[in-house]
Structures are given as structure tokens and as C-alpha cells.
Amino acid sequence: QIKRFGLDILKRSSKVWISELEANLDEAWAKVEADVSSKGRAKFVNPLKLCMFKLLIKCFLGVDVSESPEIAESGVSIVDIWFILMLLPTISQNVFQPLEGIFIHTFAYPSFLVRRGYNKLADFIRTRGHEVVQRGVTEYGLSEEEAVHNLFFMIGFNAFEGFNLLLPDLLNQLLSDQTGLQDRLRVEARQMGGPVLTFDSVKQMPHIRSLVYETLRFNPRVPLQYARARKDFRLSSHEASFDIKKGELLCGYQVLVARDPVVFDDPESFKPDRFVGEKGTELLKYLIWSNGPETGTPTESNKQCMGKEYVVLTASVIVAYLLRRYDSMAGDGSTITALEKVK
């Protein structure tokens, strides 16, 4: 029920996704340009975060975040703190053991640390997104609380923080490349796809999409995934087979899978053109960042990320947008040091 609800929201949002994305990108990069002009450098992560937060609130709830000045100002930090405190116990801090194990990985953090902010954003979803919440209740059989809190999770964890992990890494690859990648992709961005960017237009930009795919392969957003076997079966790799019993807990380590030398040539190197052409297209069935093959389709009956297509196409639109907006970009990490706007 919940996944059907989410898939329906994504389908409805497709009508406004690109126009809202471009409007928010215009605002975000105007801020970056102003900082580069006045300070000689600019951090792009925070403007990009605000851009994506506003986009997701509009597309998932059908409302402008500006309707609540408090959420417009603090929404990003509310989600960031909630997200960090959920994931921190699963991430190695490289501090003295056994102190790390005892104090970071043993106990859940108390909910009061995030309750106040969480409740503010949940109330915003409940009141401002009332129409969407009620659709979850009347069409998908959810309680109002289930609809509200799953919308929070979809927006905050699945979408917002997912993009926040992917986009800085993607833009860093674009900015730091010394092989002429920007120039090659700029030609594709400007010559292909027509005058207006759409999801369909970036499907005509194979090299830009390949850059996104390679970023997802090289540094999977969700490195660990767990499942419990529903029946006895045999699990086979290139080198061995394992008899799995019903009820056993399985863990998939995406980083290892994504760098399998049997599948990927020179897997420890970042190759932006890896997924171009017939051979590259064939490799997509081994790209499983979305908890399923890139060639698969998310449905209510599988565990594949319901926003899989939106992630790749949105990231591709952002790259194409920047390459159409700027004749050159320079920077490193999360910092822009120079921008030359198209004349």
C-alpha cells in the first residue's frame, strides 16, 4: 500500500518536476554566482540542498515551502539532523575501541534529540499536504498517521538525503576532471535534446547519463542492504554456491559488487563513459545501486527504489542544465572557484 502510494505521487509529480527543478536551480546558482563574484569562491552544497528540498516539498505535497516561513528556514536542518542521528550508529568513526562500539554502535539515540523538529515538519505535511495525506487514506487504505510519517520518510530519507549524497559527488567528478570531460559533455548537452530540458531530452544524452551511472557505481549511496530469506534457495557467485535456508539473514555489500573485476573492466578507476554504447548498456544489468538492476522496474511487489528513474534523470538534467548555463566551471570538493556564464 505504501509503495503504491509513493509510486502514484511520483507519477503525478512528473507534470511539474522539471519546471520546479529549473526554477529552483536558477535561484541556487544565482546565489553561487554572487558568492563567486564577491568572495572568489562559493560552497554549492547548501544552495543545492535548499533547491532539492523546495522541489520535493512541491512535487510530493503540491505546496510551496514558503507557505511556512519556519519550515522554509529550518526544514533542511531538521531533516539533516534526523538523518544523521539515524545513520551515525551504522558508520565507523575510527575512534578507540571498545569506546566506539559501546557509545556509538550499541544504543539507539534518544528520540527527544529530534522530536521537536520532526514534529514541526510532520505537522506541516499533515496540514499543508492535507490533500495528499487524505489520498493515502481514501485510495490506499493508510491511516492518517501512516500517510504523514511515510511521506516524511519518502521526502526526507529516500529523496532529499539520497540526492544530497549523490549530487555533490557527481558535481565533484565533473569539476575535478582533467581529461576534457566538461567540454565533451557540454557539446552533448547543447546539441542534443532540443531547446528545453525534459526527462525525455536527457535520454538523448548517453554520455551525461553514463557519468551519473558511473558515479552511482563508484560510490553506491546505500552500501549495505539486508534481507531475510523467504524460502530455501541456492545463491551462486562467479566462484561458489551457497545453500541459503529460509529465515536466514543476508547482507549485500554494494561496494564490493559494484567493483567486481569479472564484470567491470578496471573497476577501481572512475570511467565516465563506462556505460555508453552497446557494451555499456549491457553492463546496466549489473548496476544495482537501487536495490535491483538498473534494467529493472520498481513495482509494489519488489524492493527496488521507487524513485530509481527520477534519480538518474534528475541528476542528468542538473548536469545538462549547468553545462548549458556555463561555458566553463572550476572547483574542487564542494567549492566552486570560477564560473564563466554562457554569452
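Residues numbered from 1 in each chain as written. Predicted model: local features only at pLDDT ≥ 70, side-chain atom pairs only at ≥ 80, totals over all residues. Heavy atoms only, no water.

### Examining the overall build of the protein chain
Helices and strands together make up the secondary structure of the protein chain, namely 14 helices and seven strands. Taking 2.2 N^0.38 as the reference for a compact globule, 343 residues should give roughly 20 Å; the C-alpha atoms of the protein chain span a radius of gyration of 21 Å, in line with that estimate. Sequence-distant contacts in the protein chain: of pairs separated by 6 or more residues, those separated by 24 or more amount to 65%. Summed over all atoms, the accessible surface of the protein chain reaches about 17,800 Å², with 56% contributed by carbon and sulfur. Charge separation in the protein chain, taken as the distance between the mean sites of 42 positive and 43 negative side-chain charges, equals 2 Å. (Helix = DSSP H or I, 4+ residues; strand = E, 2+ residues; numbered from the N terminus. Rg over C-alpha atoms; globule rule 2.2 N^0.38 Å. Contact = heavy atoms within 4.5 Å. Areas by Shrake-Rupley, 256 points an atom, 1.4 Å probe, with all protein chains shown as cover. Lys, Arg positive; Asp, Glu negative; His and termini not counted. Charge placed at Lys NZ, Arg CZ, Asp CG, Glu CD.)

### Let's talk about the pattern of salt bridges
This structure, assessed with the given rule, holds 28 salt bridges. The shortest N-O distance in the salt bridge between arginine 4 and glutamate 300 comes to 3.8 Å. Here glutamate 300 lies in the loop between helix 13 (277-283) and helix 14 (308-325) and arginine 4 lies in helix 1 (residues 2-13), a separation of 296 residues in the sequence. Residue classification places arginine 4 among the partly exposed positions, given a relative accessible area of 35%. The partner of lysine 58 in a salt bridge is aspartate 64, with the nearest N and O atoms 3.5 Å apart. (Salt bridge = Lys/Arg side-chain N within 4 Å of Asp/Glu carboxyl O. Buried < 20%, exposed > 50% of the residue type's maximum accessible area, 1.4 Å probe, protein only.)

### Quick look at helix 2 (residues 17-39)
If you check helix 2, its first and last C-alpha atoms are 32 Å apart, about what 23 residues at 1.5 Å a residue would give, namely 33 Å. All of the buried residues in helix 2 are Trp17, Ile18, Leu21, Asn24, Leu25, Ala28, Trp29, Val32, Asp35 and Val36. Glycine 40, located one to two residues past helix 2, shows a positive phi value of around 85°. (Expected span 1.5 Å × (residues − 1).)

### What to know about the packing of aromatic side chains
Evaluated as defined, the whole model comprises 16 aromatic pairs. Centroid distance phenylalanine 53 to phenylalanine 160: 5.7 Å. Interplanar angle 75°. Geometry classified as edge-to-face. Of this pair, phenylalanine 53 sits in helix 3 (residues 45-61) while phenylalanine 160 is found in helix 8 (residues 144-176), placing the two residues 107 residues apart along the sequence. Under the relative-accessibility criterion, phenylalanine 53 is labelled buried at 1%. For phenylalanine 160, a relative accessible area of 0% corresponds to the buried category. Through a chain of ring-to-ring contacts, three or more aromatic side chains come together here, namely Trp82, Phe83, Tyr118, Phe152, Phe153 and Phe157. Against the face of phenylalanine 218 rests arginine 259, its NZ or CZ located 4.1 Å from the ring centre. (Phe/Tyr/Trp six-rings, centres within 6.5 Å; stacked < 30°, edge-to-face > 60°. Lys NZ or Arg CZ within 6 Å of the ring centre and 35° of its normal.)

### Remarks on the UniProt feature "binding site: heme" (unreviewed entry) in the protein chain
Per the UniProt record, the feature "binding site: heme" (unreviewed entry) sits at Cys305. If you trace the backbone, cysteine 305 turns up in the loop between helix 13 and helix 14. (UniProt positions renumbered as here; feature names shortened; annotations may be inferred.)

### Observations regarding the layout of surface pockets
Taken as a whole, the largest pocket holds about 1,600 Å³ of empty space. As for the largest pocket, its lining consists of 43 residues, of which Phe153, Phe157, Asn158, Val222 and Cys305 are closest to the centre. If you list the elements that add at least two residues to the lining of the largest pocket, you get helix 1, helix 3, helix 4 (69-87), helix 8, strand 2 (224-228) and helix 14. Considering each element in turn, the lining of the largest pocket owes the most residues, 12 residues, to helix 8. Classifying every residue of the lining of the largest pocket gives 25 nonpolar, 11 polar and seven charged. (1 Å grid on protein atoms, 1.4 Å probe; cavity = no way out; pocket = protein on both sides within 12 Å on 5 of 7 lines; lining within 4 Å. Points joined across faces, edges and corners; volume = space filled by probe spheres on them. Nonpolar A, V, L, I, M, F, W, Y, C, P; charged D, E, K, R; others polar.)

### Re the side chain of glutamate 161
When you line up the elements, glutamate 161 lands in helix 8. No salt bridge is formed by the buried glutamate 161; the nearest opposite charge belongs to lysine 49, separated by 5.4 Å. Not counting residues up to four positions away in its chain, the partners in contact with glutamate 161 are Val79, Asp80, Phe83 and Gly156.

### Here we look at the nonpolar core
Counting residues in each nonpolar core, the largest one holds 91 residues, and the members touching the most others are Phe5, Trp17, Trp29, Met52, Phe53, Phe60 and Leu61. Top contributing element to this core by residue count: helix 8, with 15 residues. Not counting residues up to four positions away in its chain, the partners in contact with methionine 52 are Leu21, Phe160, Phe163, Leu167, Thr314 and Ile318. (Core = buried A, V, L, I, M, F, W, Y, C linked by side-chain atoms within 4.5 Å.)

### Description of the packing of helix 3 against helix 8
Closest axis-to-axis distance for the helix 3/helix 8 pair is 10 Å, and the angle between their directions is 145°. The crossing of helix 3 and helix 8 is right-handed. Between helix 3 and helix 8, the residues in contact are Val45, Leu48, Lys49, Met52, Phe53, Leu56, Ile57, Phe60 and Leu61 and Leu151, Met154, Ile155, Ala159, Phe160, Phe163, Asn164, Leu167, Pro168 and Leu171, respectively. Here the residues of the contact of helix 3 with helix 8 are counted per class, giving 17 nonpolar, one polar and one charged. (Axes fitted to C-alpha atoms, helices over the stretch in contact; angles between N-to-C directions. Left-handed = near helix turned anticlockwise from the far one by under 90°.)

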